[in-house]
Amino acid sequence: MKITMAHGSGGQETSRLIDEIFARAFNDPVLSRMEDAAVVPGAGRLALTTDSFVVDPLFFPGGDIGRLCICGTVNDLLMSGATPRYLTCGFILEQGADIEDLQKIARSMADTAHEAGIAIVAGDTKVVEGKGNVYINTAGVGFVPDGIDISAANCREGDAVLLSGNLGDHHATILSTRMNIKNDIKSDCAPLGDMVHNLLAANIKVRSLRDVTRGGLATVLNEFARASHCCIELNEADIPVSVEVQSLCAILGLDPYTMGNEGKMIAVVAQEDAESALHILRHSKYGENAYIVGAVTHEKNASVLLHTALGGTRVLSGLTGEGLPRIC
Ligand code: MG
(Lines give C-alpha, C1' and ligand atoms only; values in the text may rest on other atoms or scores of the structure.)
Protein backbone atom coordinates (compact mmCIF):
# COMPACT_ATOMS: atom_id res chain seq x y z
CA MET A 1 0.00 0.00 0.00
CA LYS A 2 1.21 3.54 -0.66
CA ILE A 3 0.86 6.83 1.17
CA THR A 4 -1.92 8.95 -0.34
CA MET A 5 -2.84 12.60 0.31
CA ALA A 6 -5.72 11.25 2.48
CA HIS A 7 -3.12 9.97 4.97
CA GLY A 8 -2.23 13.61 5.62
CA SER A 9 -5.79 14.90 5.95
CA GLY A 10 -6.01 14.73 9.73
CA GLY A 11 -9.03 12.44 9.29
CA GLN A 12 -9.61 8.71 9.64
CA GLU A 13 -6.78 7.67 7.33
CA THR A 14 -4.35 9.77 9.35
CA SER A 15 -5.57 8.18 12.60
CA ARG A 16 -5.24 4.74 11.13
CA LEU A 17 -1.70 5.48 9.92
CA ILE A 18 -0.70 6.71 13.37
CA ASP A 19 -2.44 3.90 15.28
CA GLU A 20 -1.38 1.04 13.07
CA ILE A 21 2.21 2.04 12.39
CA PHE A 22 3.64 4.49 14.89
CA ALA A 23 1.62 3.97 18.10
CA ARG A 24 1.84 0.22 17.67
CA ALA A 25 5.62 0.25 17.11
CA PHE A 26 6.49 2.79 19.82
CA ASN A 27 3.96 1.52 22.41
CA ASP A 28 4.74 4.11 25.11
CA PRO A 29 2.25 4.92 27.91
CA VAL A 30 2.78 8.70 27.58
CA LEU A 31 2.51 8.60 23.77
CA SER A 32 -0.60 6.39 23.91
CA ARG A 33 -2.52 9.18 25.68
CA MET A 34 -2.36 11.04 22.32
CA GLU A 35 -2.50 14.46 23.98
CA ASP A 36 -1.35 17.61 22.19
CA ALA A 37 1.83 17.64 24.31
CA ALA A 38 3.57 14.94 26.31
CA VAL A 39 3.74 15.71 30.05
CA VAL A 40 6.69 13.96 31.69
CA PRO A 41 8.52 14.14 35.04
CA GLY A 42 11.33 16.74 35.02
CA ALA A 43 14.81 17.35 36.40
CA GLY A 44 17.10 20.18 37.51
CA ARG A 45 19.09 20.65 34.29
CA LEU A 46 17.78 19.57 30.89
CA ALA A 47 19.62 18.93 27.65
CA LEU A 48 17.56 19.56 24.50
CA THR A 49 18.37 18.83 20.89
CA THR A 50 16.73 18.38 17.50
CA ASP A 51 17.86 16.97 14.18
CA SER A 52 16.31 16.21 10.78
CA PHE A 53 17.02 13.07 8.79
CA VAL A 54 16.90 12.99 5.00
CA VAL A 55 19.25 10.07 4.31
CA ASP A 56 19.19 8.55 0.83
CA PRO A 57 18.68 5.55 0.61
CA LEU A 58 16.23 4.89 3.49
CA PHE A 59 17.71 1.42 4.06
CA PHE A 60 21.44 0.65 3.91
CA PRO A 61 23.83 -2.03 5.24
CA GLY A 62 24.05 -1.65 9.03
CA GLY A 63 20.98 0.56 9.48
CA ASP A 64 18.11 2.62 8.12
CA ILE A 65 16.62 6.09 8.59
CA GLY A 66 14.74 4.80 11.68
CA ARG A 67 17.84 3.67 13.58
CA LEU A 68 19.69 6.76 12.36
CA CYS A 69 17.08 9.26 13.59
CA ILE A 70 17.14 7.80 17.10
CA CYS A 71 20.94 7.46 17.30
CA GLY A 72 21.57 10.99 16.01
CA THR A 73 19.41 12.63 18.66
CA VAL A 74 20.37 10.28 21.51
CA ASN A 75 24.08 10.76 20.77
CA ASP A 76 23.79 14.57 20.72
CA LEU A 77 22.18 14.44 24.18
CA LEU A 78 24.85 12.07 25.48
CA MET A 79 27.66 14.38 24.35
CA SER A 80 26.56 16.93 26.96
CA GLY A 81 26.76 14.24 29.65
CA ALA A 82 22.97 13.97 29.75
CA THR A 83 21.00 10.78 30.22
CA PRO A 84 18.61 10.66 27.23
CA ARG A 85 14.98 10.35 28.41
CA TYR A 86 12.27 11.55 25.99
CA LEU A 87 12.07 11.86 22.23
CA THR A 88 9.57 13.32 19.80
CA CYS A 89 9.41 12.54 16.08
CA GLY A 90 7.93 14.37 13.12
CA PHE A 91 7.41 12.51 9.83
CA ILE A 92 7.20 14.28 6.50
CA LEU A 93 5.86 11.64 4.12
CA GLU A 94 5.69 12.18 0.41
CA GLN A 95 2.69 10.78 -1.43
CA GLY A 96 3.66 7.34 -2.75
CA ALA A 97 5.88 6.40 0.22
CA ASP A 98 5.64 2.68 0.89
CA ILE A 99 3.62 1.74 3.97
CA GLU A 100 5.57 -1.49 4.50
CA ASP A 101 8.77 0.57 4.48
CA LEU A 102 7.22 2.85 7.10
CA GLN A 103 6.41 -0.17 9.24
CA LYS A 104 10.02 -1.33 9.05
CA ILE A 105 11.27 2.17 9.86
CA ALA A 106 8.96 2.47 12.87
CA ARG A 107 10.03 -0.93 14.19
CA SER A 108 13.66 0.02 13.76
CA MET A 109 13.05 3.28 15.66
CA ALA A 110 11.32 1.37 18.47
CA ASP A 111 14.14 -1.19 18.76
CA THR A 112 16.84 1.49 18.76
CA ALA A 113 14.97 3.67 21.27
CA HIS A 114 14.65 0.62 23.53
CA GLU A 115 18.36 -0.09 23.20
CA ALA A 116 19.20 3.54 23.97
CA GLY A 117 16.79 3.77 26.93
CA ILE A 118 14.81 6.72 25.51
CA ALA A 119 11.00 6.89 25.35
CA ILE A 120 9.23 8.10 22.19
CA VAL A 121 6.48 10.23 23.76
CA ALA A 122 5.10 12.48 21.00
CA GLY A 123 4.95 12.65 17.24
CA ASP A 124 3.42 14.21 14.15
CA THR A 125 2.90 13.21 10.53
CA LYS A 126 2.42 15.39 7.47
CA VAL A 127 1.88 14.20 3.90
CA VAL A 128 2.99 16.25 0.91
CA GLU A 129 3.07 15.70 -2.85
CA GLY A 130 6.31 14.20 -4.07
CA LYS A 131 8.09 11.05 -5.13
CA GLY A 132 7.56 8.79 -2.11
CA ASN A 133 10.42 10.04 0.07
CA VAL A 134 10.37 9.90 3.88
CA TYR A 135 11.92 12.59 6.07
CA ILE A 136 12.02 12.46 9.88
CA ASN A 137 12.75 15.12 12.49
CA THR A 138 13.50 13.97 16.03
CA ALA A 139 13.90 16.11 19.14
CA GLY A 140 15.23 14.79 22.41
CA VAL A 141 15.33 15.71 26.09
CA GLY A 142 17.91 14.41 28.54
CA PHE A 143 18.62 15.01 32.22
CA VAL A 144 22.07 16.34 33.12
CA PRO A 145 23.30 15.13 36.54
CA ASP A 146 24.68 17.74 38.96
CA GLY A 147 28.39 18.43 38.68
CA ILE A 148 28.66 17.51 34.99
CA ASP A 149 30.39 20.15 32.85
CA ILE A 150 31.31 18.77 29.43
CA SER A 151 32.04 21.26 26.66
CA ALA A 152 34.19 21.76 23.58
CA ALA A 153 35.70 24.74 25.43
CA ASN A 154 37.08 22.57 28.27
CA CYS A 155 40.11 20.97 26.52
CA ARG A 156 43.38 21.92 28.20
CA GLU A 157 47.08 21.27 27.67
CA GLY A 158 48.10 17.70 28.51
CA ASP A 159 44.64 16.14 28.01
CA ALA A 160 44.35 12.90 26.04
CA VAL A 161 42.20 12.57 22.90
CA LEU A 162 40.39 9.25 22.51
CA LEU A 163 38.47 7.99 19.46
CA SER A 164 35.90 5.22 20.04
CA GLY A 165 36.56 3.24 16.83
CA ASN A 166 37.06 3.06 13.05
CA LEU A 167 36.44 6.16 10.95
CA GLY A 168 34.39 6.47 7.78
CA ASP A 169 32.12 3.39 7.89
CA HIS A 170 28.77 5.22 7.59
CA HIS A 171 29.94 7.60 4.86
CA ALA A 172 31.51 4.72 2.90
CA THR A 173 28.31 2.65 3.22
CA ILE A 174 26.02 5.40 1.90
CA LEU A 175 28.39 6.23 -0.93
CA SER A 176 28.88 2.56 -1.89
CA THR A 177 25.11 1.94 -1.87
CA ARG A 178 24.40 4.96 -4.04
CA MET A 179 27.23 4.17 -6.47
CA ASN A 180 26.30 0.47 -6.52
CA ILE A 181 29.81 -0.54 -5.37
CA LYS A 182 29.80 -4.04 -3.86
CA ASN A 183 31.75 -4.42 -0.59
CA ASP A 184 31.24 -5.62 3.00
CA ILE A 185 31.27 -2.17 4.62
CA LYS A 186 28.40 -1.53 7.07
CA SER A 187 27.23 1.70 8.69
CA ASP A 188 28.40 2.14 12.29
CA CYS A 189 25.05 3.74 13.22
CA ALA A 190 24.71 3.13 17.01
CA PRO A 191 23.68 4.75 20.29
CA LEU A 192 26.74 5.61 22.40
CA GLY A 193 25.18 5.57 25.87
CA ASP A 194 27.09 2.63 27.26
CA MET A 195 30.46 4.31 26.66
CA VAL A 196 29.41 7.70 28.04
CA HIS A 197 27.69 6.29 31.10
CA ASN A 198 30.63 4.02 31.91
CA LEU A 199 33.13 6.91 31.65
CA LEU A 200 31.03 9.13 33.92
CA ALA A 201 30.23 6.32 36.39
CA ALA A 202 33.99 5.71 36.82
CA ASN A 203 34.54 9.43 37.59
CA ILE A 204 36.83 9.88 34.57
CA LYS A 205 37.62 13.60 34.21
CA VAL A 206 35.81 14.06 30.88
CA ARG A 207 36.47 17.55 29.41
CA SER A 208 34.79 17.29 25.99
CA LEU A 209 32.69 14.77 24.08
CA ARG A 210 31.43 14.94 20.51
CA ASP A 211 29.93 12.35 18.16
CA VAL A 212 31.97 12.30 14.96
CA THR A 213 29.18 12.86 12.39
CA ARG A 214 29.06 15.06 9.25
CA GLY A 215 32.39 16.77 8.68
CA GLY A 216 34.28 13.96 10.38
CA LEU A 217 37.08 13.87 12.92
CA ALA A 218 38.92 16.83 11.39
CA THR A 219 35.89 19.11 11.74
CA VAL A 220 35.12 18.07 15.34
CA LEU A 221 38.71 18.55 16.50
CA ASN A 222 39.02 21.95 14.81
CA GLU A 223 35.86 22.99 16.69
CA PHE A 224 37.43 21.78 19.95
CA ALA A 225 40.71 23.59 19.21
CA ARG A 226 38.91 26.87 18.42
CA ALA A 227 36.51 26.67 21.38
CA SER A 228 39.23 25.90 23.92
CA HIS A 229 42.04 28.00 22.31
CA CYS A 230 44.47 25.10 22.17
CA CYS A 231 46.27 22.86 19.73
CA ILE A 232 45.35 19.20 19.18
CA GLU A 233 48.06 16.88 17.89
CA LEU A 234 47.13 13.51 16.37
CA ASN A 235 49.20 10.47 15.46
CA GLU A 236 48.01 9.07 12.15
CA ALA A 237 49.34 5.59 13.01
CA ASP A 238 46.95 5.41 15.99
CA ILE A 239 43.77 6.44 14.11
CA PRO A 240 41.73 3.32 13.23
CA VAL A 241 40.34 2.99 9.69
CA SER A 242 39.28 -0.43 8.36
CA VAL A 243 41.16 -1.92 5.40
CA GLU A 244 37.93 -1.86 3.32
CA VAL A 245 37.34 1.85 3.99
CA GLN A 246 41.02 2.63 3.34
CA SER A 247 40.76 0.90 -0.05
CA LEU A 248 37.56 2.75 -0.96
CA CYS A 249 39.21 6.05 0.06
CA ALA A 250 42.25 5.25 -2.09
CA ILE A 251 40.10 4.46 -5.14
CA LEU A 252 37.75 7.44 -4.82
CA GLY A 253 40.22 9.97 -3.40
CA LEU A 254 38.34 10.33 -0.09
CA ASP A 255 39.78 11.47 3.22
CA PRO A 256 38.66 9.37 6.24
CA TYR A 257 39.27 12.37 8.52
CA THR A 258 36.41 14.34 6.95
CA MET A 259 34.05 11.40 6.38
CA GLY A 260 30.83 11.16 8.41
CA ASN A 261 30.17 8.52 11.07
CA GLU A 262 27.02 7.71 13.05
CA GLY A 263 28.37 5.60 15.92
CA LYS A 264 31.72 7.11 16.88
CA MET A 265 32.74 9.70 19.41
CA ILE A 266 35.75 11.70 20.49
CA ALA A 267 36.41 11.94 24.22
CA VAL A 268 38.96 14.39 25.61
CA VAL A 269 39.94 13.36 29.16
CA ALA A 270 42.52 14.40 31.74
CA GLN A 271 45.94 12.86 31.03
CA GLU A 272 46.00 10.88 34.30
CA ASP A 273 42.70 9.18 33.30
CA ALA A 274 43.72 8.34 29.71
CA GLU A 275 44.53 4.64 30.21
CA SER A 276 41.49 3.97 32.43
CA ALA A 277 39.24 5.78 29.92
CA LEU A 278 40.66 3.66 27.07
CA HIS A 279 40.05 0.48 29.07
CA ILE A 280 36.46 1.57 29.80
CA LEU A 281 35.73 2.43 26.15
CA ARG A 282 37.14 -0.87 24.91
CA HIS A 283 34.94 -2.80 27.35
CA SER A 284 31.78 -0.83 26.50
CA LYS A 285 29.29 -1.58 23.74
CA TYR A 286 30.51 -0.22 20.36
CA GLY A 287 33.89 0.86 21.81
CA GLU A 288 35.96 -2.28 21.31
CA ASN A 289 38.20 -0.61 18.73
CA ALA A 290 38.88 2.60 20.69
CA TYR A 291 42.32 4.25 20.65
CA ILE A 292 44.16 7.14 22.23
CA VAL A 293 44.77 9.11 19.03
CA GLY A 294 46.43 12.28 20.28
CA ALA A 295 46.86 14.96 22.91
CA VAL A 296 46.02 18.59 23.62
CA THR A 297 49.16 20.76 23.48
CA HIS A 298 50.37 24.40 23.27
CA GLU A 299 47.38 26.34 24.45
CA LYS A 300 46.37 29.52 22.54
CA ASN A 301 47.54 28.00 19.24
CA ALA A 302 44.15 26.88 17.96
CA SER A 303 44.82 24.28 15.28
CA VAL A 304 44.89 20.53 14.64
CA LEU A 305 48.17 18.90 13.61
CA LEU A 306 48.49 15.41 12.15
CA HIS A 307 51.79 13.55 12.58
CA THR A 308 51.69 11.29 9.54
CA ALA A 309 52.68 7.64 9.40
CA LEU A 310 55.62 8.69 7.16
CA GLY A 311 57.06 11.01 9.81
CA GLY A 312 55.79 14.36 8.49
CA THR A 313 53.40 16.81 10.13
CA ARG A 314 50.51 18.60 8.45
CA VAL A 315 47.73 20.91 9.51
CA LEU A 316 44.39 19.05 9.48
CA SER A 317 41.62 21.43 8.39
CA GLY A 318 37.91 20.86 8.90
CA LEU A 319 35.66 19.96 5.98
CA THR A 320 35.02 22.78 3.55
CA GLY A 321 32.52 22.70 0.68
CA GLU A 322 29.62 20.31 0.24
CA GLY A 323 30.75 16.89 1.42
CA LEU A 324 28.33 14.07 0.62
CA PRO A 325 24.71 15.30 0.57
CA ARG A 326 21.90 13.37 2.34
CA ILE A 327 24.26 11.20 4.38
CA CYS A 328 22.03 11.45 7.48
MG1 MG B 1 26.57 15.77 17.28
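Residues numbered from 1 in each chain as written. Predicted model: local features only at pLDDT ≥ 70, side-chain atom pairs only at ≥ 80, totals over all residues. Heavy atoms only, no water.

1. Side note on the sheet that holds strand 9 (residues 231-235)
Basically, it comes down to this: For two strands to pair, DSSP has to find at least two bridges joining them. The helix and strand labels rest on DSSP assignments: H or I over at least four residues marks a helix, E over at least two residues marks a strand, and numbering proceeds from the N terminus. Every angle, taken between N-to-C directions, lies between 0 and 180 degrees, and every axis is a line fitted to C-alpha atoms, over only the stretch in contact when it is a helix.
Read across the open sheet, the seven strands follow the order 8-10-7-11-9-12-13; overall the sheet is mixed. The sheet terminates laterally at strand 8 (206-211) and strand 13 (313-315), the two strands that pair on one side only. Across the sheet, the mean angle separating the axes of adjacent strands is 25° when strand polarity is ignored. Sheet analysis places strand 8 next to strand 10 (residues 265-269), joined by five bridges and oriented antiparallel. In the sheet register, Arg210 faces strand 10, and the bridge partner there is Ile266.

2. What to know about the coordination of the magnesium ion
In plain terms, the rule: Any nitrogen, oxygen or sulfur atom within 2.8 Å of a metal ion counts as a donor, with the limit raised to 3.2 Å for Na, K and Ca, and since water is left out, coordination shells can look unfinished. In this scheme, a residue with accessible area under 20% of its type's maximum is buried, one over 50% is exposed, and one in between is partly exposed, where area comes from a 1.4 Å probe on protein chains only.
Surrounding the magnesium ion are the protein donor atoms Asp76 (OD) and Asp211 (OD), at 2.1 to 2.2 Å. Residue Asp76 is located in helix 3 (residues 65-78), and its partner Asp211 is located in strand 8; the two are separated by 135 residues in the primary sequence. Asp76 sits in the partly exposed class, given a relative accessible area of 28%. Take Asp211: its relative accessible area is 6%, and that puts it in the buried class.

3. Describing the side chain of Thr73
Rule in force here: Throughout, a contact is declared for two residues whenever any of their heavy atoms are within 4.5 Å.
The topology assignment puts Thr73 in helix 3. Overall, Thr73 belongs to the buried group, its relative accessible area being 0%. With residues up to four places along the chain from it excluded, the contact list for Thr73 reads Thr49, Asp51, Phe53, Leu87, Thr138, Ala139 and Gly140.

4. Remarks on the pairing of strand 4 (residues 83-94)
Test applied: A clockwise path from the first strand over the helix to the second, with the strands pointing away from the viewer, defines a right-handed crossover.
When strand 4 meets strand 6 (residues 134-144), the two strands line up antiparallel, connected through 10 bridges. Along strand 6, the bridge assignment pairs Thr83 with Phe143. Note: strand 4 against strand 5 (residues 119-128), nine bridges, orientation parallel. Residue Phe91 lies in a different strand from strand 5, and its bridge partner there is Thr125. Regarding the hand of the β-α-β motif, the stretch spanning strand 4, helix 4 (residues 99-116) and strand 5 is right-handed.

5. A word on helix 3
Heads up, the condition is: To estimate how far a helix should extend, the number of its residues minus one is multiplied by 1.5 Å. Two N or O atoms count as a polar contact when they lie within 3.5 Å, although within protein this holds only if one can serve as hydrogen donor and the other as acceptor, and sequence-adjacent residues are included solely when both atoms are side-chain atoms.
A rise of 1.5 Å per residue sets the reference length of helix 3, with its 14 residues, at 20 Å; its end C-alpha atoms lie 20 Å apart and thus fit the reference within 8%. The element helix 3 is extensively covered by neighbouring structure, given that 13 of its 14 residues are classed as buried. Two to three positions downstream of the cap, the backbone nitrogen of Gly66 sits 2.8 Å from a side-chain oxygen, assigning the N-cap of helix 3 to Asp64.

6. Side note on the sheet that holds strand 6
Across the sheet, four strands lie side by side as 1-6-4-5; this open sheet has mixed pairing. The open sheet has two edge strands, strand 1 (45-53) and strand 5, and neither has a second partner. Within the sheet, the average angular offset between the axes of one strand and its neighbour, ignoring direction, is 15°.

7. As for the pattern of salt bridges
What counts is decided by this rule: By convention in these notes, a salt bridge is any Lys or Arg side-chain nitrogen within 4 Å of a carboxyl oxygen on Asp or Glu.
Under the counting rule described, the total for this entry stands at 11 salt bridges. For Lys2, the salt bridge goes to Asp98, with nearest N and O atoms at 2.6 Å. Here the residue Lys2 occupies a position in the segment before helix 1 (12-26), and Asp98 occupies one in the loop between strand 4 and helix 4, the gap between them amounting to 96 residues. Under the relative-accessibility criterion, Lys2 is labelled partly exposed at 46%.

8. Digging into the domain arrangement of the chain
What counts is decided by this rule: Where each domain starts and ends follows an automatic or database-derived domain assignment. Two parts lose some accessible area (1.4 Å probe) when they are put together, and adding that loss for both gives the buried area.
Each assigned domain of the chain is listed here: domain 1 (5-144) and domain 2 (152-315). Computed over C-alpha atoms only, the centres of domain 1 and domain 2 are separated by 28 Å. Domain 1 puts 21 residues into the contact, and the matching count from domain 2 is 23 residues. Summed over both partners, the interface of domain 1 with domain 2 comes to about 1,700 Å²; 63% of that surface belongs to carbon and sulfur atoms. Interface area lost by domain 1 to domain 2 is led by Pro61, Leu78 and Met79, which between them contribute 30%. A salt bridge links Asp56 to Arg178; the nearest nitrogen and oxygen atoms lie 4.0 Å apart.

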